[in-house]
Every structure is written in structure tokens, then in C-alpha cells.
Amino acid sequence: PAQALLVATHLALCPHCRGVVDRLDTVGSALFLGADPRAGRPPLGFDTDAALAAMLGRLDEPAPPEPIRAMPPAAGPGDIPMPLRELTGPLASVPFRRAAPGVWRFDLPLTRADRPVCLVSLAPGLAVPDHKHSAEERGLVLTGGFTDETGHYLRGDVTWRSAEETEPHRQRIDDGERCVVLMVDDGPKIPTTAVGKFVNFLFRI
């Protein structure tokens, strides 16, 4: 679910990827419509007539009421897009907590102790202490940007790093505005410097 949330939020920000998904949906629909119906025959002993009668009987039943859910206001330019905004509300109202100097964090309902799923807000110009990853790390930039050894990431960009990468990960946040990132990690980060280990110990990032 956490990866699906990241992908869906990225699609809301990336017209190119939405076009790719639309084309794949078209191909999948064509394959489904062209499939041999005999390949989907029910198993022996399945009473298709009874199943059809039960389904038709349910057509006259009243539909269950849809749950009333307060939707967050429409996102403005640079705000958190749907579907992530359903969990966070507008960016200005996200209740971040201070996690370390220059770092604020908001844990999403999907987070677990061994698998962080959170919004991280990083101060402009911040140099994130070198670290490695105990498992895969995925990040989607929502505002601002940062640079690491693989490139420069801005709103809508996704970074995906494997635990198999042995070189320390170095990130520098762009100047000008805070960088807010949706993080979906399969495990905690591992600091590789004395400063990083000290900060990690104090704040339990």
C-alpha cells in the first residue's frame, strides 16, 4: 500500500507517466476483451445458474450508503496532490514534529517501526549527513528540491535507492524553500559519520 501511494501521487504530478499508464490500461483492456472465454470456465461442481440467480436477486437490493468523508480542499500550486492529501490535508496544516536540526517529520498511518512511511521537511541549504540504507529507500519530492550523487531532484521526481549500493548517500537541499519528500523505506537509514550517528542517537530519526 505504501508503494502504491507513492506511485499514485507521482502519477498526479507527472503527465508523461500518466500517459504511459493510460496506454498500458488500453493494452490490458484489449487483451482482456480478446481472451478466450473458455479459459475462464468455473471449476467442476460450481452451480453457475444458482450464482447468476443470486446475483440478479441482489440487483433489487438498496445500495449501501456511501460513507460521508470530508474531502480536503483543492490543492493549490506546489501543494500536496491527491491521493496523498487525503491522509495529510494541505501542506500548511501538516503537523510536522522536529526530528533533528533542520529536519521535521510527519508519520503517515501506513508507517511501522521497521518500515517508515512519512513526510520529511528539510531546511533550505541543509547538508544531510552521509548514510547508507538497510533496505530500499524511495522518495517523492513534493516541494523544493535536492541534489545527490545521482542527480538533481525537483517536484514530482522519484529517487529509488537499493541497500546493495555500498557508497554513502549524500544529499544537499536546494536553497530558497523547504524540501518536502514523501519517504517510503523498507528499513531504517544507517548513518556513516560521527555527526550522523550522534544526531540519530539523540533524535531517533
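Residues numbered from 1 in each chain as written. Predicted model: local features only at pLDDT ≥ 70, side-chain atom pairs only at ≥ 80, totals over all residues. Heavy atoms only, no water.

Chemist: Could you give me a rundown of unusual backbone geometry, with the residues and numbers involved?
Modeler: Cis geometry is adopted by the peptide bond preceding P83, which originates at M82 and carries an omega value of 5°. Its place among the elements puts P83 in the loop between α3 (48-58) and α4 (85-88). (Helix = DSSP H or I, 4+ residues; strand = E, 2+ residues; numbered from the N terminus.)

Chemist: So, the sheet that holds strand β2 (residues 103-107): which residues are in play, and what are the values?
Modeler: Read across the open sheet, the six strands follow the order β1-β2-β3-β10-β5-β8; overall the sheet is antiparallel. The open sheet has two free edges, formed respectively by β1 (97-100) and β8 (158-161), since each of these has just one partner strand. With direction set aside, neighbouring strand axes in the sheet form an average angle of 30°. Sheet topology places strand β5 (residues 137-143) next to β8; four bridges connect them, and they run antiparallel. Bridged to G139 within β8 is T159. (Pairing = 2+ DSSP bridges. Axes fitted to C-alpha atoms, helices over the stretch in contact; angles between N-to-C directions.)

Chemist: Can you tell me about the state of the cysteines, naming the residues and giving the values?
Modeler: One covalent bond between the sulfur atoms of two cysteine residues makes up a disulfide. Enumeration according to the criterion identifies zero disulfides in this entry. Its sulfur unpaired, C17 is 3.4 Å from the next cysteine sulfur, which belongs to C14. By relative accessible area, which is 24% here, C17 ends up partly exposed. (Disulfide = S-S within 2.5 Å. Buried < 20%, exposed > 50% of the residue type's maximum accessible area, 1.4 Å probe, protein only.)

Chemist: Hey, could you go over the pattern of salt bridges for me, with residue numbers and the actual values?
Modeler: This structure, assessed with the given rule, holds seven salt bridges. A salt bridge links R97 to D107, with the shortest nitrogen-to-oxygen separation between them at 3.7 Å. Note that R97 is positioned in strand β1 and D107 in strand β2, a separation of 10 residues in sequence. Overall, the relative accessible area of 29% leaves D107 in the partly exposed class. Between R138 and E136 there is a salt bridge, with the nearest N and O atoms lying 3.0 Å from each other. (Salt bridge = Lys/Arg side-chain N within 4 Å of Asp/Glu carboxyl O.)

Chemist: Outline the environment of A2, supporting the account with residue identities and numerical values.
Modeler: Turning to its location among the elements, A2 is positioned in helix α1 (residues 2-13). The buried category is assigned to A2, whose relative accessible area is 6%. Distance in space between the C-alpha atoms of A2 and L108 is 9.5 Å, their sequence separation being 106 residues. If we ignore the near neighbours within four places in the chain, the residues touching A2 are L110, V117 and V184. (Contact = heavy atoms within 4.5 Å.)

Chemist: Break down the environment of G187 for me, with residues and values.
Modeler: For G187, the location among the structural elements is in the loop between β10 (179-185) and β11 (189-191). Here G187 falls in the buried class, since its relative accessible area comes to 6%. Spatially, the C-alpha atoms of G187 and S134 are 5.5 Å apart, while their sequence positions differ by 53 residues.

Chemist: Got a sec to walk through the pairing of β2? Specific residues and values, please.
Modeler: Note that β1 and β2 share three bridges and pair antiparallel. Within the sheet, the bridge partner assigned to A100 lies in β2 and is V103. Hairpin remark: β1 followed by β2, antiparallel, with two residues in the connecting loop; positive phi at G102, about 80°. Sheet analysis places β2 next to strand β3 (residues 117-122), joined by five bridges and oriented antiparallel. Following the sheet pairing, W104 is matched in β3 by S121.

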